[in-house]
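Coordinates in review
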Amino acid sequence: MPVAGRDAGVVGERRWYWPAFAAPGIAWLLVLFVTPFYAVVAVAMGGLDPILGQPVPAWWPGAWDPSTLRQVTDSLLGHPPPLFPNLQPVFVRTVAYVFAATALCILIGYPVAYYIARHAGRRKVLLLVLLIAPFWMSYLMRMLAWVNLLQTEGYVNRVLTFLHLLPEPRNWLAGDPIAVVLGLVYGYVPYFILPLYAALDRIDRSHIEAARDLGASPARTFLRVTLPLSFQGLLAATVIIMLPMFGDYYTPDLLSGNPDTSMFGNFINQFLHTRFGQPRGASLTLLLSAFVAVLMLYYVLSVARATREARR
């Protein structure tokens, strides 16, 4: 039976009431994400001023020229002759660094998040404050502190040589991949722990108690109950740290400065700060965004699949 009069107005108000709460977020995304991203596309698909060397964006899609994007894509895929022969090795190195740093974040961060969520007791607030404390200092300043620690005469070499773990001081800042990976871990592991802690803290303890009552050992309870229930939080925390790692360029710059440890973000930064290079840098940004979008798509599909299974 159709609703008329005042009741129809109430139904209409209810239909738009809750979606209206999303309006500020949508406006924020349109102004500060969609618009800048479209500007990057316009630069990548545009031309160059032959005299000034400045990009000439192509704002109208009908005027887009994908030749620069095609050249960069061919170089990334290794199609001969590559315009940028170092691009593919740098991309492979970036993927290796990011996955190594993510694996270390999981090995370090999961036990920390699990302890805070399950066994910290009254120390939980203190430990959470200590985890949030690094956010009070800029990422750049924290990396500069590591530069001092990793110098030849720094405390890291002093401790390692004192413990006879190194026969002599090591030059960590001369293009050492270990320093870059550890720098990524140090910079992003707090972002990994906090969402994972939230996921572990939401797990109903009755599930764990039921597994223990049925005779499961602590290890089996963790593997069969806690880990599956925290998988979505683990996946979300992994995505949160992996996405910015792929575009990171100041960590290898500060902790290495060697072309042998440069990452994909360094290539983008290099092109964007050179004459005639902005369209190439914008094209690299689009390729990196496409690669990151695949990871995001996997995360969204995993969450949707888990949600459907939970509703059954």
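Note that this is a predicted model, so its numbers are computed, not measured. (Residues numbered from 1 in each chain as written. Predicted model: local features only at pLDDT ≥ 70, side-chain atom pairs only at ≥ 80, totals over all residues. Heavy atoms only, no water.)

1. Regarding the confidence of the model for the protein
To be explicit about the condition: Values of pLDDT, ranging from 0 to 100, describe the predictor's confidence in every residue of the model. Here a strand is any run of E in DSSP of at least two residues, a helix any run of H or I of at least four, and the numbering for each starts at the N terminus.
The predicted model of the protein has a mean per-residue pLDDT of 86, with 95% of residues at 70 or higher. Ranking the elements of the protein by mean pLDDT puts helix H1 (residues 6-17) last, at 60, and helix H4 (residues 87-118) first, at 94.

2. Structural notes on the packing of H4 against helix H8 (residues 177-201)
This is how it is decided: All axes are obtained by fitting lines to C-alpha atoms, using only the stretch in contact for helices, and the reported angles, taken between N-to-C directions, cover 0 to 180 degrees. By convention, the crossing between two helices is left-handed when the near helix turns anticlockwise from the far helix through less than a right angle, and right-handed when the turn is clockwise. For this scheme, ten residues count as nonpolar: Ala, Val, Leu, Ile, Met, Phe, Trp, Tyr, Cys and Pro. Four count as charged, namely Asp, Glu, Lys and Arg, and the remainder, Gly too, count as polar.
It is the contact of H4 with H8, at a shortest axis distance of 6 Å, that shows an interaxial angle of 40°. In this structure, H4 meets H8 at a crossing whose hand is right-handed. Per-class residue counts for the contact of H4 with H8 are 25 nonpolar, one polar and two charged.

3. Digging into unusual backbone geometry
The residue His 164 is not glycine, and still its phi comes out positive at about 60°. Structurally, His 164 is set in the loop between helix H7 (155-162) and H8. Despite not being glycine, Phe 276 shows a phi value in the positive range, around 65°. Tracing the backbone through its elements, the reader meets Phe 276 in the loop between helix H13 (264-272) and helix H14 (278-311).

4. Brief notes about the pattern of salt bridges
Any two side chains of opposite charge can pair if their charged atoms end up close together. Our working definition: Just to be clear on terms, a salt bridge is a Lys or Arg side-chain nitrogen sitting within 4 Å of an Asp or Glu carboxyl oxygen. Exposure classes here rest on a 1.4 Å probe applied to the protein chains alone. A residue is buried below 20% of its type maximum, exposed above 50%, and partly exposed in between.
In this structure the tally under the stated criterion is two salt bridges. For Lys 124, the salt bridge is made with Asp 201, and the minimal N-O distance between the two is 3.4 Å. Of this pair, Lys 124 sits in helix H5 (residues 124-132) while Asp 201 sits in helix H8, and the two are 77 residues apart along the sequence. When its relative accessible area of 37% is taken as the criterion, Asp 201 is described as partly exposed.

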